[in-house]
Amino acid sequence: MSTSVIALLHGPDKPGLVAKTAGWIHQRGGNVLHADQHLDLDENIFFQRVEWQPSSDRELDEEMQSFRQLVEGELGMQLRLARSDYRLRVAFMVTKEDHCFHDLALRHRAGELDADLIGVLSNHDLLSDVADTYSLPFVHIPVTKDSKAEAEARQLDWLAENKIDLLVLARYMQVLSPEFLEKVGCPVINIHHSFLPSFAGAKPYHQAHKRGVKLIGATAHFVTQDLDEGPIIEQDVARVSHRHGTKELIERGRDLEKLVLAAAVRRHLQHRVLVYGNKTVIFD
């Protein structure tokens, strides 16, 4: 299949937006492969994801620039464009737990994640052998209270040198500083082991057990400077009872964490996630 263009756009709703974008593609000889839209009635904001194959005689860069002029200029909307032939460069950050790391790496090996895995950053060296198993470079940068600023500077240098497009916190148990997030230059996806906004922060399974909850969950979200409050991409839950101790909650939770994080990463790689304010629109 030839290269396609993927557009994510949003802005104030007005009549004829779908017809405008579809008509523009048709007039230039393109073929729409996917189109999905959503209207937030409360905010009067229109959201759309459209993917199309340009006519064979169209230069892709020129096609994208012309579409940008339509959307941003004529329609007055915000736009993000991507090419289907560009594989995002992804890095992991890990600490000691390996279940999410294994799951994502195995999914990539099986061809489920259309991206290039570039390497792994860690504040401990326990998972270096795991990285070797997947032939991934492993960079150990210890982090202490006194060395945090220096360690994050080294991490940022590595991310910049390797031109990382997406950073995945696969159970990285350090809070990233505001300075790090300002400079990282790419989206950061985290998996939190609870159904946010419940039980944010440390040891959520212990919190859940003490509270006697009947559901536990996992949440994948974009990282912001507000701890565990970034835009949510994916969530799931499992039913539990008074018979389940903390150990059982953790075991059940790990299964959820793997599924939820993988779904969030896959949707981001497929350019199906549009962030608006502190929420997301996830296109089918």
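Before any of the text, the structure's been laid out above.
Let us look at the structure shown here. (Residues numbered from 1 in each chain as written. Predicted model: local features only at pLDDT ≥ 70, side-chain atom pairs only at ≥ 80, totals over all residues. Heavy atoms only, no water.)

## So, the packing of helix 3 (residues 99-109) against helix 8 (residues 246-269)
Here helix 3 crosses helix 8 at 45 degrees, and the two axes come no closer than 9 Å. Relative to helix 8, helix 3 is oriented oblique. Crossing geometry of helix 3 relative to helix 8 is assigned as right-handed. Contacts between helix 3 and helix 8 involve His-99, Cys-100, Asp-103, Leu-104 and Arg-107 on the former and, on the latter, Arg-254, Glu-257, Lys-258, Leu-259, Leu-261, Ala-262, Val-265 and Arg-266. For the contact of helix 3 with helix 8, the residue count by class is six nonpolar, one polar and six charged. (Axes fitted to C-alpha atoms, helices over the stretch in contact; angles between N-to-C directions. Helix = DSSP H or I, 4+ residues; strand = E, 2+ residues; numbered from the N terminus. Parallel < 35°, antiparallel > 145°, perpendicular 65-115°, else oblique. Left-handed = near helix turned anticlockwise from the far one by under 90°. Contact = heavy atoms within 4.5 Å. Nonpolar A, V, L, I, M, F, W, Y, C, P; charged D, E, K, R; others polar.)

## Describing the pattern of salt bridges
As enumerated under the stated definition, the model contains 19 salt bridges in all. One salt bridge connects Glu-97 with Arg-254, and the closest N-O pair in it is separated by 3.2 Å. With a gap of 157 residues between them, Glu-97 in the loop between strand 5 (88-94) and helix 3 and Arg-254 in helix 8 connect regions that are remote in the sequence. The class for Glu-97 is partly exposed, based on a relative accessible area of 26%. (Salt bridge = Lys/Arg side-chain N within 4 Å of Asp/Glu carboxyl O. Buried < 20%, exposed > 50% of the residue type's maximum accessible area, 1.4 Å probe, protein only.)

## Describing helix 3
Think of an α-helix as turning once every 3.6 residues; residues three or four places apart then point the same way. The set of residues buried in helix 3 consists of His-99, Cys-100, Phe-101, Asp-103, Leu-104, Ala-105 and Arg-107. Looking at the buried positions of helix 3, the neighbouring elements they touch are strand 5, strand 6 (115-122), helix 4 (128-133), strand 8 (166-169), strand 9 (188-192) and helix 8. Gly-111 sits one or two residues past helix 3 and shows a positive phi near 85 degrees.

## Points about the sheet that holds strand 3 (residues 45-53)
Here four strands make up an open sheet; going across it, the order is 2-3-1-4 and the pairing antiparallel. The two strands at the open ends of the sheet, each matched to only one other strand, are strand 2 (31-40) and strand 4 (78-83). Recorded for the sheet is a direction-independent mean angle of 10 degrees between the axes of neighbouring strands. Lying on the sheet, helix 1 (residues 17-27) is in contact with strand 1 (5-12), strand 2 and strand 3; it crosses strand 3 at an angle near 15 degrees. On top of the sheet, helix 2 (residues 60-74) reaches strand 1, strand 3 and strand 4; it is set at about 165 degrees to strand 4, its chief contact. (Pairing = 2+ DSSP bridges.)

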